[in-house]
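Okay, here's what each chain looks like letter by letter:
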Amino acid sequence: MTKTAAIIGGGVIGGGWAARFVLNGWNVRVFDPDPQAERKIGEVMANARRSLPGLTDVALPDEGQLSFHGSIAEAVAGAEWIQESVPERLEIKHATFAEVQAACSKDAVIGSSTSGFKPSELQEGAARPGQIMVAHPFNPVYLLPLIELVPGEAGDAALIEQAKAVLSSLGMHALHLKKEIDAHVADRFLEAVWREALWLVKDGIATTEEIDDAIRYGFGIRWAQMGLFETYRVAGGEAGMKHFMAQFGPALKWPWTKLMDVPEFTDELVDLIAGQSDAQSGMHSIRELERIRDNNLVTMMRGLKAQNWGAGALINAQEKMMREGTALGAHADDVPADQPVLTARRTVPLDWTDYNGHMTESRYLQAFADATDRFMEMIGCDAAYISKGGSYFTAETHIRHLDEVHAGAVIEITTQVILGEGKKMHLFHEMRDGERLLATGEHFLLHVSLETRKPSPPSPAIEAALVRIAKGHAGLARPDGLGRAIGAAR
């Protein structure tokens, strides 16, 4: 059953929330009095559609419906999640919550995108204070997974758990803060860095571009996958965190920063920073910068995904949830043996395309290899089995490239077992975009002992699962292109 979210306030953050929900299969109802809201959210949706679906190796659900409504009451009717993203003025937020609670379900989560207000401030005068909680995201909301979830002392325990479950299903991480504080955690940290950066520019020490270079070429990359404390733990070497603290702790007493002071925001300082920023990035439009940012974020997070680390581990967890209850999550015993097996359904990511704009040759191989891995998992040759010393090694591969495929396309791979007995496994994959056949991949594999690195029989359970499907597939038509060489007569 399709779930419904309501977005109150459709600016940059509200639009990002809408995209995250819609692309994960939720219906989204938007209220925003801005006559340009539909256009603005449409542009955010376009950027999200080209980037988010390619983040995972399992295709996202079919898009939900996005609709715009003339009142808050109309927008929140039937919604299970309501996200407030109106301007950062407490009186506006209080008025918004009053309208929301007068019309919404008592079981709905009401999240606020506020970057500064505490939940106790948001809950003042509310009909049901425990229903309102801070759910502070980071831009772009449709890609970055962190949500600072701050329910406050009045928070409803059941709704807090409900909020965590929803965020996890969207591929996000709920950082549940047990104590409230102005600006929560992340923005307090960013504010400290921002203040120091303003002084460095004002005092002529560094330009905006030089400061950005210091972050993106240095510690920013470390922070992206380890954060602050884990980074410094590693910096302490074998002696660990205590050694690091003993070595660098005294530096805290040195007058290195001006974090307790703020430069005056004069017109001269604003003009200086704006001029340097124009020189640094003015050659790109905001939409171009957003797409560059999204390309980089997807590439970095997919790299972390391969290592099952940081934000990448969240993507893997989301994929596992998306596979559950579908053909992609089936075990061999549950797979019908009278038809090819679905082994992949994924969106072609941005970093899989080349200078011609279509998927590169190496990515066809990766897609088919991933399909082979999925089939191996289905018959029981999973990570646990491999850790005990057995696996299948590919001895021969044959790929035919039949048609172009571009970033954003949802491709499906089905697998037919040509031979499955003893140590041998012969698979034939077909890759399609809808009815269009894009490529075929033929793989011959041998089961190998990882101790001797020589062919060996698989476990009886794996062989039985493979033989069952192989016998069923023996009755299928011979796949077109099986064993065919380039230029061979049809």
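Residues numbered from 1 in each chain as written. Predicted model: local features only at pLDDT ≥ 70, side-chain atom pairs only at ≥ 80, totals over all residues. Heavy atoms only, no water.

Caption draft 1: A look at the overall build of the protein. Each helix and strand in the protein was counted, giving 16 helices and 14 strands. If one aligns the C-alpha atoms of the protein with their principal axes, the spans along those axes are about 75 × 55 × 45 Å. Here the protein holds 490 residues, and 42% of them are scored as buried. As displayed, the protein has an accessible area near 24900 Å², and 56% of this comes from carbon and sulfur atoms. (Helix = DSSP H or I, 4+ residues; strand = E, 2+ residues; numbered from the N terminus. Buried < 20%, exposed > 50% of the residue type's maximum accessible area, 1.4 Å probe, protein only. Areas by Shrake-Rupley, 256 points an atom, 1.4 Å probe, with all protein chains shown as cover.)

Caption draft 2: Representation of a negative patch on the surface within the structure. A cluster of acidic side chains, namely Glu264, Asp267, Glu268 and Asp271, defines a negative patch on the protein surface. Since its relative accessible area comes to 58%, Glu268 is described here as exposed. (Patch = residues over 30% accessible without salt bridge, like charges linked within 9 Å, V, L, I, M, F, W, Y side chains within 5 Å. Salt bridge = Lys/Arg side-chain N within 4 Å of Asp/Glu carboxyl O. Lys, Arg positive; Asp, Glu negative; His and termini not counted. Charge placed at Lys NZ, Arg CZ, Asp CG, Glu CD.)

Caption draft 3: Spotlight on unusual backbone geometry. Backbone torsion omega between Asn139 and Pro140 reads 0 degrees, so that peptide bond is classified as cis. Here Pro140 shows up in the loop between β6 (132–136) and β7 (146–150). Of note in this structure, Ala183 is not a glycine but carries a positive phi near 70 degrees. Residue position: Ala183 is located in the loop between β8 (173–176) and α7 (186–202).

Caption draft 4: The arrangement of helix α8 (residues 208–226) in detail. Here α8 spans 25 Å end to end across 19 residues, near enough to the 27 Å set by a 1.5 Å rise per residue. Largest kink in α8: about 55 degrees, centred on Phe219. (Expected span 1.5 Å × (residues − 1). Bend = angle between axes of the 7 residues up to and from the residue.)

Caption draft 5: Here's a closer look at the environment of Glu180. If you trace the backbone, Glu180 turns up in the loop between β8 and α7. For Glu180, a relative accessible area of 30% puts it in the partly exposed group. Each C-alpha atom, one on Glu180 and one on Ser120, is 8.1 Å from the other, the two residues being 60 residues apart in sequence. Sequence-distant contacts of Glu180, that is, excluding residues within four places in its chain, are made with Lys118, Pro119, Ser120, Val150 and Gly152. Within the structure, the side chain of Glu180 is placed 2.5 Å from the side chain of Ser120, a separation counted as a polar contact. (Contact = heavy atoms within 4.5 Å. Polar contact = N/O pair within 3.5 Å; in protein donor to acceptor, adjacent residues only side chain to side chain.)

Caption draft 6: Focus on a nonpolar patch on the surface. On the surface, a nonpolar cluster with roughly 320 Å² of combined accessible area is contributed by Trp194, Phe265 and Val270. Mapping Phe265 onto the fold places it in the loop between α10 (240–248) and α11 (267–281). Assessed through its relative accessible area of 52%, Phe265 is described here as exposed.

Caption draft 7: The nonpolar core, seen in detail. The biggest cluster of nonpolar side chains holds 44 residues, and the ones touching the most others in it are Trp17, Phe21, Val28, Trp81 and Leu143. It is helix α1 (residues 12–23) that contributes the most residues to this core, six residues altogether. Once residues lying within four places of it in the same chain are set aside, the contact partners of Val28 are Ala5, Ile7, Ala18, Phe21, Val22, Gln65, Leu66 and Ser67. Grouped together as the second largest cluster of nonpolar side chains are 21 residues, Val86, Ala108, Leu122 and Ile132 included. (Core = buried A, V, L, I, M, F, W, Y, C linked by side-chain atoms within 4.5 Å.)

Caption draft 8: The packing of helix α12 (residues 286–306) against helix α13 (residues 311–323), seen in detail. Put simply, α12 and α13 touch, their axes get as near as 7 Å, and they point 75 degrees apart. Compared by their axis directions, α12 and α13 come out roughly perpendicular. Only Ala311, Gly312, Ile315, Asn316 and Glu319 of α13 make contact with α12, whose side of the interface consists of Met301, Leu304 and Lys305. For the contact of α12 with α13, the per-class residue count stands at four nonpolar, two polar and two charged. (Axes fitted to C-alpha atoms, helices over the stretch in contact; angles between N-to-C directions. Parallel < 35°, antiparallel > 145°, perpendicular 65-115°, else oblique. Nonpolar A, V, L, I, M, F, W, Y, C, P; charged D, E, K, R; others polar.)

Caption draft 9: Expanded view of the pattern of salt bridges. Taken as a whole and judged by the stated rule, the model has 25 salt bridges. The partner of Arg346 in a salt bridge is Asp57, with the nearest N and O atoms 2.5 Å apart. Of this pair, Arg346 sits in strand β9 (residues 341–347) while Asp57 sits in the loop between α2 (37–51) and β3 (66–69), placing them 289 residues apart in sequence. Comparing Arg346 with Asp57 shows no difference in burial state: the two are buried. One salt bridge in this structure joins Glu319 and Arg323, with 3.7 Å as the shortest N-O distance. Note that Glu319 and Arg323 are positioned in helix α13 at a spacing of four residues, about one turn of the helix. On the basis of relative accessible area, Glu319 is assigned to the buried category, the value being 3%. Through salt bridges that share partners, Asp57, Arg302, Lys305, Glu319, Arg323, Arg346 and Asp370 make up one connected network.

Caption draft 10: Local environment of the environment of Val185. Topologically, Val185 is positioned in the loop between β8 and α7. Look at Val185 and you get partly exposed, because its relative accessible area is 44%. Considering only alpha carbons, one finds Val185 and Ser115, 70 residues apart in sequence, at a separation of 9.7 Å. Leaving out residues up to four positions away in the same chain, Val185 has contacts with Glu148 and Leu177.

Caption draft 11: Seen up close, α11. Here α11 spans 21 Å end to end across 15 residues, near enough to the 21 Å set by a 1.5 Å rise per residue. Inspection of α11 places Leu269, Ile273 and Gln280 among the buried residues, and these make up the whole buried set. On an axial view of α11, the arc spanned by its buried residues comes to 25 degrees, and they lie on one face. Across α11 from its buried face, at more than 90 degrees, point the exposed residues Asp267, Glu268, Asp271, Asp278 and Ala279. Taken together, the buried residues of α11 touch α7 and α8. (Arc of directions from axis to C-beta.)

Caption draft 12: Local environment of the side chain of Thr96. Mapped onto the secondary structure, Thr96 falls in helix α4 (residues 90–103). Exposure remark for Thr96: the relative accessible area of 7% places this residue in the buried category. Aside from chain neighbours lying at most four places away, what touches Thr96 is Ile8, Ile72, Glu84 and Val86.

Caption draft 13: Highlighting the packing of α8 against α11. In the contact formed by α8 and α11, the axes pass within 8 Å of each other and the chain directions differ by 65 degrees. For the pair α8 and α11, the contacting residues are Thr208, Glu209, Asp212 and Arg216 in the first and Ile273, Gln276, Ser277 and Gln280 in the second. Counted by class, the contact of α8 with α11 contains one nonpolar, four polar and three charged residues.

These results come straight from atomic positions and should not be treated as a statement about function.
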